[in-house]
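A closer look at the structure
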Amino acid sequence: MLLRKVAQLCIASLLACTAVVAQDYPTKPIVVTVPFAAGGPTDALARQLGPVLSANLKQQVIIENTLGAGGTIGVNKVAKSRNDGYQLLLMHIGMSTSPSLYKELPYNTMNDFEFIGQVADVPMTLIAKTALPPDNLKDLVTYIKANKDKINLGNAGIGAASHLCGLLFLSAIQTNVTSVPYNGTGPAMNALMGGQIDLMCDQTTNTTQHILAGKVKVYGVTSKSRVTALRYVPTLNEAGLKNFEIAVWHGLYVPKGTPKPVVDRLIAALQAAVQDPKFKSQLESMGAAAVPVSKANPESLRTHLASEIEKWGKIIKAAGVPIN
Ligand code: ASP
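In what follows, the accompanying structure is described. (Residues numbered from 1 in each chain as written. Predicted model: local features only at pLDDT ≥ 70, side-chain atom pairs only at ≥ 80, totals over all residues. Heavy atoms only, no water.)

Below, the discussion takes up the overall build of the chain. Helices and strands together make up the secondary structure of the chain, namely 13 helices and 10 strands. Taken against the 2.2 N^0.38 rule, which gives 20 Å for 324 residues, the C-alpha radius of gyration of the chain at 21 Å falls within 12% of a compact globule. For the chain, the spread of C-alpha atoms along the three principal axes comes to 75 × 40 × 30 Å. Classification of the 324 residues of the chain by burial places 55% in the buried group. Counting contacts in the chain only where the partners sit at least 6 residues apart, residues at least 24 apart contribute 78% of the total. Side chains of the chain give 30 positive and 21 negative charges; the mean places of these two sets differ by 1 Å. (Helix = DSSP H or I, 4+ residues; strand = E, 2+ residues; numbered from the N terminus. Rg over C-alpha atoms; globule rule 2.2 N^0.38 Å. Buried < 20%, exposed > 50% of the residue type's maximum accessible area, 1.4 Å probe, protein only. Contact = heavy atoms within 4.5 Å. Lys, Arg positive; Asp, Glu negative; His and termini not counted. Charge placed at Lys NZ, Arg CZ, Asp CG, Glu CD.)

Quick look at the structure:
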């Protein structure tokens, strides 16, 4: 009955149709696309965020992992999806680095999305398989330089945060080793713990549990200050890599043209999530932090994304990172 009414209204006026649909939103499950494999940090964040959004929106929130090309395949999928508020994208700093790491992207980063807001800030960690001999950063650098033809560095794909972090680390120590890309940190972490790869740089949301369980070695965190969940781990800056700093940030997006009332509803749900005490403490225990509510809005995300595109463009160029 309701549907028939909506259909009649839609035929009568497109504007009225949008208003009715937006007012009832959401009437069916919402999909959040994570552009990396399950078991990685972006996936971990989505699985914490999903239930909080779901409780607020009173609808099921489904996490869908769409893998490949450093997250750009999943990002493109959402860019080309229906703009009705049922396809969301959770993507990290890679949104701002991919434009500099790929010659051509199949979407326009700034123009193909409606911005919902920033979600969380996540430091990275430089980690290794437990069998790697060095126990501190200074010895690690000496070891890498002496064994550069044997060492390999895993990452979650070209354009992934781990790729960027690894390249900046190699550039900082002026050495090159073989990079091994995976479709996300989930599989890369399994390879590291299985000893198939030697080193990796990745987000605390995935690495904290493995560091605390002694399943991987840690040489430092990439944030300016230490991470509460990993208090004993020095920053890379403290450990000797002067001014080395990467903070991975995450944003929530929907396809361009999503009706404003729907976008507003999603902004309200995101703002409730980042203020939710349980969500905040879960992220803290994973070494991450929910953003302050002042960042969980479209303007803040848009401004931040634009300035990060510019910032990383310069750094990637200066570091001589190859373009794909
Ligand atoms: N954190 C990974 C990266 O961009 C991706 C993932 O979430 O699996 O390096």
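Let us look at the site of the ligand. Around the ligand lies a shell of 13 residues, among which Thr42, His92, Ser162, Thr185 and Gln203 are the nearest. Within the backbone of Thr185, an N or O atom sits 2.7 Å from an oxygen atom of the ligand. Asp202 places a side-chain nitrogen or oxygen 3.1 Å from an oxygen atom of the ligand. Its free accessible area being 270 Å², the ligand has 100% of it covered by the protein chains. Within the residue set of the shell around the ligand, elements represented by two or more residues are helix 3 (41-57), helix 7 (161-172) and strand 7 (199-203). Residue composition of the shell around the ligand, grouped by class: five nonpolar, seven polar and one charged. (Near = heavy atom within 4 Å. Polar contact = N/O pair within 3.5 Å; in protein donor to acceptor, adjacent residues only side chain to side chain. Areas by Shrake-Rupley, 256 points an atom, 1.4 Å probe, with all protein chains shown as cover. Nonpolar A, V, L, I, M, F, W, Y, C, P; charged D, E, K, R; others polar.)

This part takes up helix 6 (residues 137-146). Within the sequence span of helix 6, burial applies to Leu137, Leu140, Val141 and Ile144. Looking down the long axis of helix 6, one finds its buried residues gathered within 100 degrees of arc, a one-sided arrangement. Turned more than 90 degrees off the buried face of helix 6, the exposed positions are Lys138, Thr142 and Ala146. Close packing links the buried residues of helix 6 with strand 4 (113-129), helix 7, strand 7, strand 8 (216-221) and helix 10 (236-239). Among the residues of helix 6, the N-terminal cap falls to Asn136, whose side-chain oxygen and the backbone nitrogen of Lys138 are separated by 3.2 Å. (Arc of directions from axis to C-beta.)

So, about the state of the cysteines. Across all of its chains, the model carries one disulfide by this definition. A sulfur-sulfur separation of 1.9 Å characterises the disulfide bridge that pairs Cys165 with Cys201. Residues Cys165 and Cys201 are joined through a disulfide that is right-handed, its torsion about the S-S bond being 45 degrees. A residue pair is termed long-range when its members are at least 10 positions apart, and Cys165 in helix 7 and Cys201 in strand 7 qualify at 36 residues. (Disulfide = S-S within 2.5 Å.)

To continue, consider the side chain of Thr222. Along the chain, Thr222 turns up in the loop between strand 8 and helix 10. For Thr222, a relative accessible area of 0% translates into the label buried. A polar contact is formed between the side chain of Thr222 and the backbone oxygen of Ile246, at a distance of 2.7 Å. Leave out the neighbours within four places in its chain, and Thr222 touches Pro123, Met124, Thr125, Cys165, Cys201, Leu236, Phe244, Glu245 and Ile246.

Now for unusual backbone geometry. For the bond from Tyr25 to Pro26, the omega torsion is -5 degrees, close enough to zero to count as cis. In this fold, Pro26 is placed in the loop between helix 2 (14-24) and strand 1 (30-34). A positive phi angle is found at Ala69, which is not glycine, with a value near 50 degrees. Residue Gln174 is not a glycine yet carries a positive backbone phi of 50 degrees. For Gln174, the position within the fold is in the loop between helix 7 and strand 6 (178-181).

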